[in-house]
Structures are given as structure tokens and as C-alpha cells.
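Coordinates in review
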Amino acid sequence: MSILEVNNVSKSFGGVKANVDISMSVEKGKIVGLIGPNGSGKTTLFNSIVGTYPVDSGSIKFNNKEVSELPVPVIAKLGLLRTFQQTRIYGKLNCIDNMLISHKGSDESLITIFSKIPKNLTDKAENLLSFVGLYQKRKLRAGDLSFGQQKLLELAMALMNEPEMLLLDEPTAGINPTLINGIIDRLIKVNQDFGITLLVIEHNMKVIMQLAEDIFCLAHGKMLANGSPDEIKNDKRVIDAYLGAQ
Ligand SMILES: Nc1ncnc2c1ncn2[C@@H]1O[C@H](COP(=O)(O)OP(=O)(O)OP(=O)(O)O)[C@@H](O)[C@H]1O
Ligand SMILES: [Mg+2]
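Remember, predicted model here, so these are calculated numbers, not experimental data.

What about helix α1 (residues 42-50)?
Burial of α1 is extensive: 8 of the 9 residues sit out of reach of the surface. Residues Lys42, Thr44, Leu45, Phe46, Asn47, Ser48, Ile49 and Val50 constitute the buried set of α1. Trailing α1 by a residue or two, Gly51 shows a phi angle of about 95°, which is positive.

Quick look at the structure:
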């Protein structure tokens, strides 16, 4: 059963055709990859799926519900969340507070939120920080974390909201190579233990080949190929457009 169906989606910025007639489908419960050269339209597709920018044409269905006309918070409440290529954290707040304000019940002013935090929410935040390996850093200002640690914090912040599907934009970019296996293991746990469907943009081919069962490849804003990691690795179009240049 597919959780996400993208059909014939196009999106231009002025004269730049960032996405042209894109169709793809993600099966519920899977880890699916999205690859392609710089500027091929991967982040644009994420923005369209989660409602950041309206699409020019096409349809996007999440759990069979048309979401292409809905705003980001409404789509988030349906259970579809994303993380950012450049992280979005609150640098002056500590990690725990970042976790608490990312919780979806928290649309009120910060003062109101912090004055009535239920203990179970703080416990949940601490457990998730521990899951991503940031428990020891929980009282530190998020802005003082390394870029890699900020990416882990952003993952934990997304998990606070128990999404059904998570879109991850380059989760290992900027992360020390020795820590990458830890990220892969955690993402597999997010998928298997938390039951969250993942759509992952990655430039690190070793990572995406290990993680994803199914991979889509974009080039010049168009869908170039789709298949298993082995099929994608050996696809001449993908090699010519992307892998050959890696
Ligand atoms: N908000 C925007 N305004 C104008 N142009 C944009 C905007 N967002 C993306 N683009 C353009 O759309 C094209 C696709 O960009 P996008 O960021 O989706 O690529 P990408 O595949 O994520 O690249 P990368 O691997 O470098 O992150 C690029 O030419 C980019 O400059
Ligand atoms: Mg991008």
C-alpha cells in the first residue's frame, strides 16, 4: 500500500524548471531514497510534498488524501514531516527546550508553553535525545552543537511529533564519517522500531544503498530512473547523469 503518491508534479521558479512532471510512489513502511546531481530538484520536491510552496500542477496524495493545496502545519498534523538540508533549530535555546517547542501542541507563546510542560513530555524529549546520542548535551545551547549534532537534534525534534512519514534532506551531510554508521543504524531503528516510513535525500551513495530498498533518481528536474539499489547502481542513465561524476 502506498503512503505517498506524487503524480505529474511540476514546479518552476521564474524561468527555472525545478520539477518537471514528476511521478513517484512510496510504499508504507519502507525506506526510500531520492538521489540526483546538485540542482536536480530533490529539495524542491520535498518542499512541494510538505506544502512549503504551492505546486504549479499535479497531485500529491498522503494516505490517499490530496495534500497539494494544504499548508505546512496541516500536512504536519496529518503525520508528514521533513527535516532540512540546512538545519532549523533555535540556536539560543538548549536542546531540551528545542524539543519541547517542536512538539505539535506547542503553537502558543513560549511563556505559556514553558509554564505548563507535562512531565511526560520532558521525559519523552530526554528519551529521544538519548536515542540520537545527545542526552549528555541536553542542557547545552543548540547553537553550540556541531553541525552533525544539530542534524541529530533536528531528527529528534521531528520524532517528538511521532510522524507517520519523515522526509530527510541529506541526513549525513556534514557528519563526521566515523559517525555515519551510527546515523544509518538510528534511521533503520526509526523505520523498524518506530514504524516510520522514510524518504531520504542523500549524496552519499554508500549510505543510501545501505538504507533504501527503493531509489528514485532525478536529473535536470525530471524523474530519470527508479529501482532497487542494484538496478540504480547499474543503470546507464544514472551512471551517465550522476554516479559517473561522483
Ligand atoms: N526558492 C527558490 N527560488 C528560486 N529558485 C529555486 C528555489 N528553490 C530551488 N530553486 C532552483 O531550483 C533548482 C532545483 O533546486 P533544488 O534545491 O531542488 O535542488 P537539489 O536537487 O536539492 O540540489 P542539492 O543536491 O544541491 O541540494 C535549482 O536550479 C535551484 O536554484
Ligand atoms: Mg537539496
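Read on for the rest.
Concerning the sheet that holds strand β2 (residues 16-27)
Taken together, 4 strands build an open sheet; the order of strands is β2-β1-β4-β5 and the sheet is antiparallel. Looking at which strands have only one partner, the edges of the open sheet turn out to be β2 and β5 (65-66). Pairing of strand β1 (residues 2-13) with β2, which is carried by 8 bridges, proceeds in the antiparallel orientation. The residue bridging Lys11 from the neighbouring strand is Asn19, located in β2.

Here's the deal with the site of ligand 1
Taken together, 15 residues form the shell around ligand 1, and within it Gly39, Lys42, Thr44, Gln85 and His203 come nearest. Residue Ser40 places a main-chain N or O atom 3.2 Å away from an oxygen atom belonging to ligand 1. Between an oxygen atom of ligand 1 and a side-chain N or O atom of Lys42, the distance comes to 2.7 Å. When the free accessible area of ligand 1 is taken as 630 Å², the share hidden by the protein chains comes to 65%. At the level of elements, β2 and α1 are the ones that each hand at least two residues to the shell around ligand 1.

How each quantity is defined
Residues numbered from 1 in each chain as written. Chains lettered and ligands numbered in written order. Predicted model: local features only at pLDDT ≥ 70, side-chain atom pairs only at ≥ 80, totals over all residues. Heavy atoms only, no water. Buried < 20%, exposed > 50% of the residue type's maximum accessible area, 1.4 Å probe, protein only. Helix = DSSP H or I, 4+ residues; strand = E, 2+ residues; numbered from the N terminus. Pairing = 2+ DSSP bridges. Near = heavy atom within 4 Å. Polar contact = N/O pair within 3.5 Å; in protein donor to acceptor, adjacent residues only side chain to side chain. Areas by Shrake-Rupley, 256 points an atom, 1.4 Å probe, with all protein chains shown as cover.

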